[in-house]
Amino acid sequence: MSDINKDINLVDAPDGVSGAGFFATSLEKVIGLARKNSLWPLPFATSCCGIEYMATMGANYDISRFGSERPSFSPRQADILMVMGTIAKKMGPVVKQVYEQMSEPRWVIAVGACASSGGIFDTYSVLQGIDRIVPVDVYVPGCPPRPEQILDGLMRVQDLAENESLRRRNSPEYQALLASYNIK
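About the cut-offs
- Numbering of residues starts from 1 in every chain and runs along the sequence as written.
- With the structure being a predicted model, the display of local features is reserved for residues of pLDDT at least 70 and the display and counting of side-chain atom pairs for 80 or more, all residues being used for whole-chain, interface and lining totals.
- Excluded from the side-chain calculations are hydrogens and water; all other atoms, namely the structure's heavy atoms, are used.
- Salt bridges, as used here, are contacts in which a Lys or Arg side-chain nitrogen is within 4 Å of a carboxyl oxygen on Asp or Glu.
- Buried, partly exposed and exposed residues are distinguished by accessible area as a fraction of the type maximum, computed with a 1.4 Å probe on protein chains only: under 20%, between the cut-offs, and over 50%, respectively.
- UniProt positions are given in the numbering used here, feature names are shortened, and annotations may be inferred rather than shown by experiment.
- Counting from the N terminus, the helices are DSSP H or I runs at least four residues long and the strands are E runs at least two residues long.
- Orientation is described by axes fitted as lines to C-alpha atoms, over the contacting stretch for helices, and by angles from 0 to 180 degrees between their N-to-C directions.
- In what follows, roughly perpendicular refers to angles from 65 to 115 degrees, roughly parallel to angles under 35, roughly antiparallel to angles over 145, and oblique to any angle outside these ranges.
- Each crossing gets its hand from how the near helix is turned against the far one by less than a right angle, where anticlockwise is left-handed and clockwise is right-handed.
- Any pair of residues with heavy atoms lying within 4.5 Å of one another is described as a contacting pair.
- Any pair of nitrogen or oxygen atoms within 3.5 Å is treated as a polar contact; in protein, a donor-acceptor pairing is required on top of that, and neighbouring residues in sequence qualify only through side-chain atoms on both sides.

Quick look at the pattern of salt bridges
- Tallied over the full model, the rule gives nine salt bridges.
- The residue glutamate 104 makes a salt bridge to arginine 106 at a minimum N-O spacing of 3.4 Å.
- Taking the relative accessible area as the measure of exposure, glutamate 104 reaches 34% and is therefore partly exposed.
- A relative accessible area of 4% places arginine 106 in the buried class.
- Between glutamate 164 and arginine 169 there is a salt bridge, with its nearest N and O atoms 3.0 Å apart.
- Here the salt bridges do not stand alone but share partners, grouping Arg35, Glu104, Arg106, Glu164, Arg168 and Arg169 into one network.

The following block contains the structure:
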């Protein structure tokens, strides 16, 4: 029985005070820990980066280890907008609308060269990076990026979710950032 328990990894407890039969920490740290381990991605995949994302859902990479086993195809139930692949300028308003429909807190990952900078498609019809229409929290490089890179990007968002102040989304700086993108 003790050999089975050696293989189980538990999440580290947040900083706090512990004693016989109790543990005390701040509410902000508990919420950060809960957010970190229950992020639901909304995959917005338009090309080859989407195939690499699908590989992260398989047994070899297992995105469910990070609490993201439930991809949400409804923006109202998603925490992370994962934009993967080439985004045409006609798709820009759709990406922005999906972002606006997501509830706070929300994060954005630009997966691959096309979503980050337009990739090799420097044409009139391709958006040269989704950061022109929505704020991006994490960029995942590659063309297409390996599943390990996508998981690393997810872990960077987990770090943001765990350490973000509960009041950051109400700060004047954050409101100014959204206003710079014409997002209400």
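So, the UniProt feature "domain: NADH:ubiquinone oxidoreductase-like 20kDa subunit" (unreviewed entry) in the protein chain
- Within this numbering scheme, the UniProt entry marks residues 48-156 as carrying the feature "domain: NADH:ubiquinone oxidoreductase-like 20kDa subunit" (unreviewed entry).
- For the annotated span residues 48-156, helix accounts for 32% and strand for 12% of the residues, and the straight-line distance between the end C-alpha atoms is 22 Å.

A closer look at the UniProt feature "binding site: [4Fe-4S] cluster" (unreviewed entry) in the protein chain
- Those places that UniProt annotates as "binding site: [4Fe-4S] cluster" (unreviewed entry) correspond, in this numbering, to Cys48, Cys49, Cys114 and Cys143. Despite a sequence span of 96 residues, these residues sit close together in the fold, their greatest C-alpha distance being 10.0 Å.
- Here cysteine 48 lies in helix H3 (residues 48-56).
- Classification of cysteine 48 by relative accessible area gives partly exposed; the value is 42%.
- Mapped onto the elements of the fold, cysteine 143 is located in the loop between strand S6 (138-140) and helix H6 (147-163).
- We classify cysteine 143 as exposed; its relative accessible area is 59%.

Notes on the packing of helix H2 (residues 27-36) against H6
- One can describe the packing of H2 onto H6 by two numbers: an axis separation of 7 Å at closest approach and a directional angle of 160 degrees. One way to sum up the angle between H2 and H6 is to call them roughly antiparallel. Once H2 is placed against H6, the crossing between them reads as right-handed. Here Gly32, Leu33, Arg35 and Lys36 of H2 lie close against H6, whose contacting residues are Gln158, Ala161 and Glu162.

Details of the environment of aspartate 152
- Relative to the helices and strands, aspartate 152 resides in helix H6.
- Counting along the chain gives 12 residues from aspartate 152 to valine 140, while the straight-line C-alpha distance between them is 8.2 Å.
- Separated by 2.5 Å, the side chains of aspartate 152 and arginine 156 make a polar contact.

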